[in-house]
Amino acid sequence: MKNFITILFLTIGFASNAQYFSVTYINVSQEDVAEVARLETQYWSKVAKANIDAGNQLGWGLFAKVGGSSDTWTHAFINVFETIDQMMDQSIWNPEELIGVSSEDIGTAKFYNSSAIHHYKIQGQVPGSDGTGAIWNFGRPENLQGFVQDNVKLWGPFFEKNDTGRTNWGIATKITGVNQNNATVMTWDGYDSVADAVKVLAGEGDNSGPSNSKAGDYMPSGFLARAVVQQVIWIQ
C-alpha cells in the first residue's frame, strides 16, 4: 500500500524525526459509497495534492475496510504530516482557493452516518513497496513504552531482514481519542493484496517474529481489534 504510510513515512524511515498522521474513521451507507469515492478521488485528492506540493502535508489517502459490521466504520482517511502544528491546521482544507471549487459542492460529510478522528505519532516503520491490502492492528498494552520499544528494536528489524510477505510495517502511538478502554497503539502490516492480508488472519500466512520479543508480556490479551483495509487512493 503506498504505504499508508510508506511515504518516507516517507522516505520513510521514521527513524530520525517523528512524523504524525490523523485517521478519520467514517461510516457510509452502501448506496452512498460510490458518490463519496467519486468526490474524494475527483476533487479532494487534488486539494490534498496541492497541500502536499505546498509543503503543508506529506500524504493523503482513502481506505475501505474489508468485512465487519455495517454499524462501525466502513472507510478511513489518512493524512500524514511532518509536525503537530501542520496536523492541527484545518485552514489548509480550502478547495475554493486551491482548485476553484466550493466545499459545499463537493462535501462528503453529508453522506456520513458517523465519523471520528484520531491523531497518532509514528514511532517506527519499515518502508517497502506498493500494495493494495493491509492489516491495521489496534492494541492497549499494559506497558505501552515497553511494547513500543520491543516493536521498534525487535519486530521492525526482524521484518526488515526476513521476507514475511509484508510490503511494509509500522507502529504509532495514539495522541487523541484515548479513553480508559480503547487502543493506545496501532501497528500496520502491508501486503500486495487484500487476499494476502486475509490469508494471514486465517493462519495461512507467515506470522513469524523475533524469538526474544516480550510483546506478549507487555500486551498479554493481544490486540483489541484487527481490520483488513483496501487502498482506494493514495496521494503523496
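The coordinates are above.
Every value quoted in this text rests on a predicted model; they were computed, and no experiment measured them.

A. Up close: helix 7 (residues 194-201). Every buried residue of helix 7 is accounted for by Val194, Ala197 and Val200. One side of helix 7 carries all its buried residues, which in axial view fall inside an arc of 120°. Its buried side turned inward, helix 7 meets strand 2 (59-66), strand 5 (133-139), strand 7 (185-191) and strand 8 (225-235). Taken from the residues just after helix 7, Gly203 is the one with a positive phi, measuring 80°.

B. Summary view of the pairing of strand 4 (residues 112-126). Summarising the sheet, strand 1 (residues 20-28) and strand 4 pair through nine bridges and their orientation is antiparallel. Among the inter-strand pairings, Tyr25 is bridged to a residue of strand 4, identified as Ala116. Summarising the sheet, strand 4 and strand 6 (residues 168-174) pair through six bridges and their orientation is antiparallel. Note on strand 6: the bridge partner recorded for Lys121 is Thr173.

C. Spatial organisation of the packing of aromatic side chains. Summed over all chains, the structure comprises 11 aromatic pairs. Look at Tyr25 and Phe138: their rings are 6.4 Å apart centre to centre, the planes differ by 65°, and that puts the pair in the edge-to-face class. Here Phe138 lies in strand 5 and Tyr25 lies in strand 1, a separation of 113 residues in the sequence. Across this residue pair, the class does not change: Tyr25 and Phe138 are buried. Members of the aromatic cluster, joined through ring pairs, are Tyr25, Phe63, Trp73, Trp136, Phe138 and Trp234. The side chain of Lys65 reaches across the aromatic face of Trp73, ending 4.8 Å from its centre.

D. A look at the sheet that holds strand 8. If you walk around this closed barrel you meet the eight strands as 1-3-2-8-5-7-6-4, and the pairing is antiparallel. For this sheet, the mean inter-axis angle between neighbouring strands, taken without regard to orientation, is 35°. Against the sheet, helix 6 (residues 144-161) contacts strand 4, strand 6 and strand 7, and its axis sits at roughly 170° relative to strand 6. Relative to strand 8, helix 7 is tilted by about 170°, and along the sheet it contacts strand 2, strand 5, strand 7 and strand 8.

E. Summary view of helix 2 (residues 33-53). Between its terminal C-alpha atoms helix 2 stretches 28 Å, which fits the 30 Å expected from 21 residues at 1.5 Å a residue. Within the span of helix 2, buried status applies to Val36, Leu39, Glu40, Trp44, Ser45, Val47, Ala48, Asn51 and Ile52. Just past helix 2, the residue Gly55 takes up positive phi, approximately 80°.

F. Inspection of the pairing of strand 3 (residues 75-81) at higher detail. In terms of burial, strand 3 is a largely internal element, seven of the seven residues being buried. The two faces of strand 3 match: His75, Phe77, Asn79 and Phe81 on one face and Ala76, Ile78 and Val80 on the other face are all buried. In terms of strand pairing, strand 1 meets strand 3 through seven bridges, oriented antiparallel. Residue pairing for strand 3: Phe21 is matched across the bridge by Val80. Taken together, the six bridges between strand 2 and strand 3 define a ladder with antiparallel strand orientation. Its bridge partner lying in strand 3, Leu62 is registered against Phe77.

G. Structural view of the environment of Ser102. Inspection of the secondary structure assignment puts Ser102 in the loop between helix 4 (95-99) and helix 5 (103-106). For the pair Ser102 and Asn168, spaced 66 residues apart in the sequence, the C-alpha separation amounts to 37 Å.

H. Up close: the environment of Ile99. Position of Ile99 relative to the elements: it lies in helix 4. With relative accessibility at 25%, the residue Ile99 sits in the partly exposed group. Separated by 49 residues in the primary sequence, Ile99 and Ala50 place their C-alpha atoms 8.2 Å from one another. Residues within four places of Ile99 in sequence aside, it is in contact with Tyr43, Lys46 and Val47.

About the thresholds
- Residues numbered from 1 in each chain as written.
- Predicted model: local features only at pLDDT ≥ 70, side-chain atom pairs only at ≥ 80, totals over all residues.
- Heavy atoms only, no water.
- Buried < 20%, exposed > 50% of the residue type's maximum accessible area, 1.4 Å probe, protein only.
- Helix = DSSP H or I, 4+ residues; strand = E, 2+ residues; numbered from the N terminus.
- Arc of directions from axis to C-beta.
- Contact = heavy atoms within 4.5 Å.
- Pairing = 2+ DSSP bridges.
- Phe/Tyr/Trp six-rings, centres within 6.5 Å; stacked < 30°, edge-to-face > 60°.
- Lys NZ or Arg CZ within 6 Å of the ring centre and 35° of its normal.
- Axes fitted to C-alpha atoms, helices over the stretch in contact; angles between N-to-C directions.
- Expected span 1.5 Å × (residues − 1).

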